[in-house]
Amino acid sequence: MDSEAKAAPDGPAVSCRGVGKIWAAGTARAHEALKGIDLDVEPGEFVVLLGPSGCGKSTLLYLMAGLEKQTAGVVDYFGDPVTAPSPDRSLIFQETSLFPWLSVWENVSFGLQIRGDSEPERRDAAKQVLRRVGLAEVGTKRPDELSGGMRQRVAVARALAMRPRLLLMDEPFAALDVQTRQKMQDFLLDVWRESAASVVFVTHHIDEAIALADRVCVFTARPGRIKEIVPVDLPRPRDPFAPESEALRRQLTALLKDEVDRAFAEQEGLLEVG
Amino acid sequence: MSVSTHADQSAGRDGAAADGNTPPSARPTPVFLERLRKILPQIGWTLLSVGTFALIWEILWVAGVADPKLLPPPHVFLGDFADQAKFFNTAQRWQIGVSESSGPSPWQAVMITVLSSAMRVFVGISIASILALSVGTAIRYWVAVERLTLPTITLLSPVSPIAWLPVAIFLFGIGNAPAIFMVVIALFFHMTIATINHIDGVNRNLINVARTMGATKYQIYRRVIIPAILPGVFVILRLNLFGAWMVVLIAESTGVGYGLGQVIMLARNTFNPSLVFFCIALIGLLGFTTDWLMRMTQKRVLYWVNDPSGVLRGL
């Protein structure tokens, strides 16, 4: 493990070893969200974390971002332990997380402002990034004048403006309708290919996982553990109705079904006890 | 049925959007006419509402139910402006050797009285807002400040501002200061606690975005938390505005020199119902105007907040 940590540039972008997280540790409400996670994300790789709701996959994302601290194990980012959030690892949320009081371009360049860039620099950078996400025209609008899909694209643009090497996405398209979601997936793949960043993408949608992932990590219900890592070796763009996709869908559905059943059984058990 | 409901709903929503923040580019030229067309029905309904109320009162007077000595109808207490206005003045007229006709004209006297009351409210509100925002933010920013001040603030917040009146007089004697002090006291505690609550309620995602961008604690407060809480704090301010008007009248009634509260006290002591109702009308008008001004300010300063009034109209 130490030798891996030293081999910084060639090693994995993110490396998790024995990672666990207990919320409210030491209190009566303590519960274990993650247990014994071993996962490497290679530079430029697209990894999807798939699992039932509340299985701790978002928690893992927060640990990678440095927003929360794990209670066991280590999370390394290019060989260095993650201790605090960094602009190099951008997090994109499910709900709109744009600042409603800022215009679109101000939102996009928010991180640059935090960094202390001058206004002309920020305007330029915002214009470039917005062009990349196909929203060059809406820079002066406010977020609430945009549709849900456009808002998420702005959120992606805001993350890209920091030129991160790792994009962490927490069900970013969950609130969108099916058609918009598919568009956004294609858009994300384009952005990802251009930026050469690694992506860790949380979802509970099997189809989304198949459409996007290089590898799918299927999580168990709580405490969240990696049940199986399924590689997806299909060329993009992927046909969701191809036989290979069907086979994957069947495999992932079966893997998930056990977990959902177990989660339900556990909840019912809890209810009976309570 | 369902169709009409839907139509109503969309109409209501359009109305709300038009009242609120439609992008300015949407309307090219006749902005003024548009605005007039929107505002005229509002004014019409307001007049109708007040008019109906006045009409009922007048009818009661005609019918002999409302005794004009105790409940003089609007045409009586609004009819003779000069007669009412003579009670509005600085105290000089009652001093020995000062001619009764000296000093400002009736109109000026009323304006002086009204403006000095309004000034006290305005200054009080400004001081209270700045103070409450600063203290509330400081309480969340530094734990030591919270431990030192929050218990006291929580303890004092339920105390009625009226109870502070003697303190105001002990500290500031008479004049503008005690009245302003009363307004500050009436608003400060509520607004401080509201500030803290709103800080706790800021969307975690917004804060996390700033954190992942590498923002410092100071930057998070300045760029995320303060703008995020302003709309909520402003609502609290508007809700407490009427409270501010109330305490200013009470403070003035104890002898600030001049002000609406003092005139009401005078009316009470001289058993002058007409003057009381005249003052009530003035105060109502003032409160209405201040609330309107606040809403205009809200639209300007908090341009990103949509006006929620009218959203439920389509139900």
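Note that the coordinates shown come from a computational prediction; the quantities given were computed from them, not determined experimentally.

Details of the overall build of chain A
For chain A, the count of helices and strands is nine helices and 10 strands. In terms of C-alpha radius of gyration, chain A reaches 19 Å, essentially the compact-globule figure of 19 Å for 274 residues. Taking the principal axes of its C-alpha atoms as reference, chain A extends roughly 60 × 45 × 40 Å. Burial analysis of chain A (274 residues in total) assigns 43% to the buried set. In chain A, the proportion of contacts linking residues at least 24 apart, taken out of those at least 6 apart, comes to 70%.

Let's talk about the interface of chain A and chain B
Each partner contributes residues to the interface: chain A has 22 residues there, and chain B has 14 residues. Residue assignment for the side of chain A that touches chain B shows that the elements contributing at least two residues are strand 6 (89–92) and helix 4 (110–115) of chain A. A per-element tally of the side of chain A that touches chain B places helix 4 of chain A first, with four residues. Partitioning the side of chain A that touches chain B into residue classes produces 12 nonpolar, four polar and six charged.

Overview of the sheet that holds strand 2 (residues 31–41) of chain A
All names here are of chain A. One open sheet holds the four strands; their spatial order is 2-1-4-5, and the pairing between them is antiparallel. Two strands bound the open sheet, and with one partner strand each, they are strand 2 and strand 5 (80–81). Where strand 1 (residues 14–23) lies against strand 4 (residues 72–77), five bridges are found, and the strand directions are antiparallel. In the strand pairing of strand 4, Gly20 is matched with Ala72.

Some remarks on the environment of Ile174(B)
As for its placement among the helices and strands, Ile174(B) is situated in the loop between helix 7 (165–172) and helix 8 (176–200). Taking the C-alpha atoms as reference, Ile174(B) lies 23 Å from Phe189(B); in sequence the two are 15 residues apart.

Looking at the confidence of the model for chain A
Scored by pLDDT, chain A has a mean of 87; 95% of the residues are at 70 or more. Below pLDDT 50 for its whole length, residues 1–8 of chain A participates in nine contacts with residues either more than four positions away or in separate chains.

Some points on the nonpolar core
Ranked by internal contacts, the top residues of the largest apolar core, which has 128 residues, are Met182(B) and Val183(B). Apart from residues lying up to four places away in sequence, Met182(B) is in contact with Pro161(B), Trp164(B), Leu165(B), Ala168(B), Val247(B), Val248(B) and Ala251(B).

A short note on unusual backbone geometry
All names here are of chain A. Note that the residue after Arg236, namely Pro237, is joined by a cis bond; omega there is -5°. The residue Pro237 is located in the loop between strand 10 (226–231) and helix 9 (243–273) in this model. The backbone phi angle of Ala24 is positive, close to 50°, even though this residue is not glycine. Summarising the element assignment, Ala24 is placed in the loop between strand 1 and strand 2. The backbone of Phe78 sits at a positive phi, close to 45°, despite the residue not being glycine.

Notes on helix 11 (residues 260–269) of chain B
Residue and element names in this part refer to chain B. Among the residues of helix 11, Leu260, Gly261, Gln262, Val263, Ile264 and Ala267 are the ones counted as buried. On the buried face of helix 11, the contacting elements are helix 5 (106–141), helix 10 (217–253) and helix 12 (273–301). Trailing helix 11 by a residue or two, Phe271 shows a phi angle of about 50°, which is positive.

A short note on the sheet that holds strand 9 (residues 215–219) of chain A
All names here are of chain A. Here six strands make up an open sheet; going across it, the order is 6-7-8-3-9-10 and the pairing mixed. Of all the strands in the sheet, the pair left with one neighbour each is strand 6 and strand 10. Strand-to-strand twist across the sheet, computed as the mean angle between neighbouring axes with direction ignored, equals 15°. Two strands pair when backbone bridges link them, and strand 3 (residues 46–50) and strand 8 (residues 198–203) are joined in this way by five bridges, in the parallel orientation. Residue pairing for strand 8: Val47 is matched across the bridge by Val200.

Points about the pairing of strand 6 of chain A
Residue and element names in this part refer to chain A. What you see with strand 6 is no split at all: Arg89 and Leu91 on one side and Ser90 and Ile92 on the other are buried throughout. Two strands pair when backbone bridges link them, and strand 6 and strand 7 (residues 166–170) are joined in this way by four bridges, in the parallel orientation. Its bridge partner being in strand 7, Ser90 is matched across the sheet by Leu167.

Let's talk about the domain arrangement of chain A
All names here are of chain A. Along its sequence, chain A is carved into domain 1 (2–88 + 165–273) and domain 2 (97–163). Relative placement of domain 1 and domain 2: their C-alpha centres are 26 Å apart. Taken together, the 12 residues of domain 1 in the interface contact 10 residues of domain 2. It is helix 7 (residues 178–195) that contributes the most residues to the side of domain 1 that touches domain 2, six residues altogether.

Digging into the pairing of strand 8 of chain A
Residue and element names in this part refer to chain A. The buried fraction of strand 8 amounts to six of the six residues, a majority that puts the element mostly inside the structure. One ladder, built from five bridges, connects strand 7 with strand 8; its direction is parallel. Among the inter-strand pairings, Leu168 is bridged to a residue of strand 8, identified as Val200. Considered for its hand, the β-α-β crossover made up of strand 7, helix 7 and strand 8 is right-handed.

Focus: the packing of helix 9 (residues 204–212) of chain B against helix 10 of chain B
Residue and element names in this part refer to chain B. Viewed as axis vectors pointing N to C, helix 9 and helix 10 meet at an angle of 160°, and their least axial separation amounts to 10 Å. Relative to helix 10, helix 9 is oriented roughly antiparallel. Seen from above, helix 9 lies across helix 10 with right-handed handedness. Contact residues: helix 9 offers Leu206, Ile207, Ala210 and Arg211, while helix 10 offers Gln219, Ile220, Arg223, Val224 and Ala228. Taken together, the residues of the contact of helix 9 with helix 10 sort by class into six nonpolar, one polar and two charged.

Let's talk about the environment of Phe77(B)
Residue and element names in this part refer to chain B. Inspection of the secondary structure assignment puts Phe77 in helix 3 (residues 74–79). Phe77 gets classed as buried once you count the C-beta atoms within 10 Å, which come to 22. For the pair Phe77 and Phe278, spaced 201 residues apart in sequence, the C-alpha to C-alpha distance is 5.7 Å. Each residue touching Phe77, except ones within four places of it in the same chain, is listed here: Pro72, Ser274, Phe277 and Phe278.

Rules used in this analysis
Residues numbered from 1 in each chain as written. Chains lettered and ligands numbered in written order. Predicted model: local features only at pLDDT ≥ 70, side-chain atom pairs only at ≥ 80, totals over all residues. Helix = DSSP H or I, 4+ residues; strand = E, 2+ residues; numbered from the N terminus. Rg over C-alpha atoms; globule rule 2.2 N^0.38 Å. Buried ≥ 20, exposed ≤ 12 C-beta atoms within 10 Å, placed from the backbone. Contact = placed C-beta atoms within 7 Å. Nonpolar A, V, L, I, M, F, W, Y, C, P; charged D, E, K, R; others polar. Pairing = 2+ DSSP bridges. pLDDT = per-residue confidence, 0-100. Core = buried A, V, L, I, M, F, W, Y, C linked by C-beta atoms within 7 Å. Axes fitted to C-alpha atoms, helices over the stretch in contact; angles between N-to-C directions. Domains from an automatic or database assignment. Right-handed = clockwise from strand over helix to strand, strands pointing away. Parallel < 35°, antiparallel > 145°, perpendicular 65-115°, else oblique. Left-handed = near helix turned anticlockwise from the far one by under 90°.

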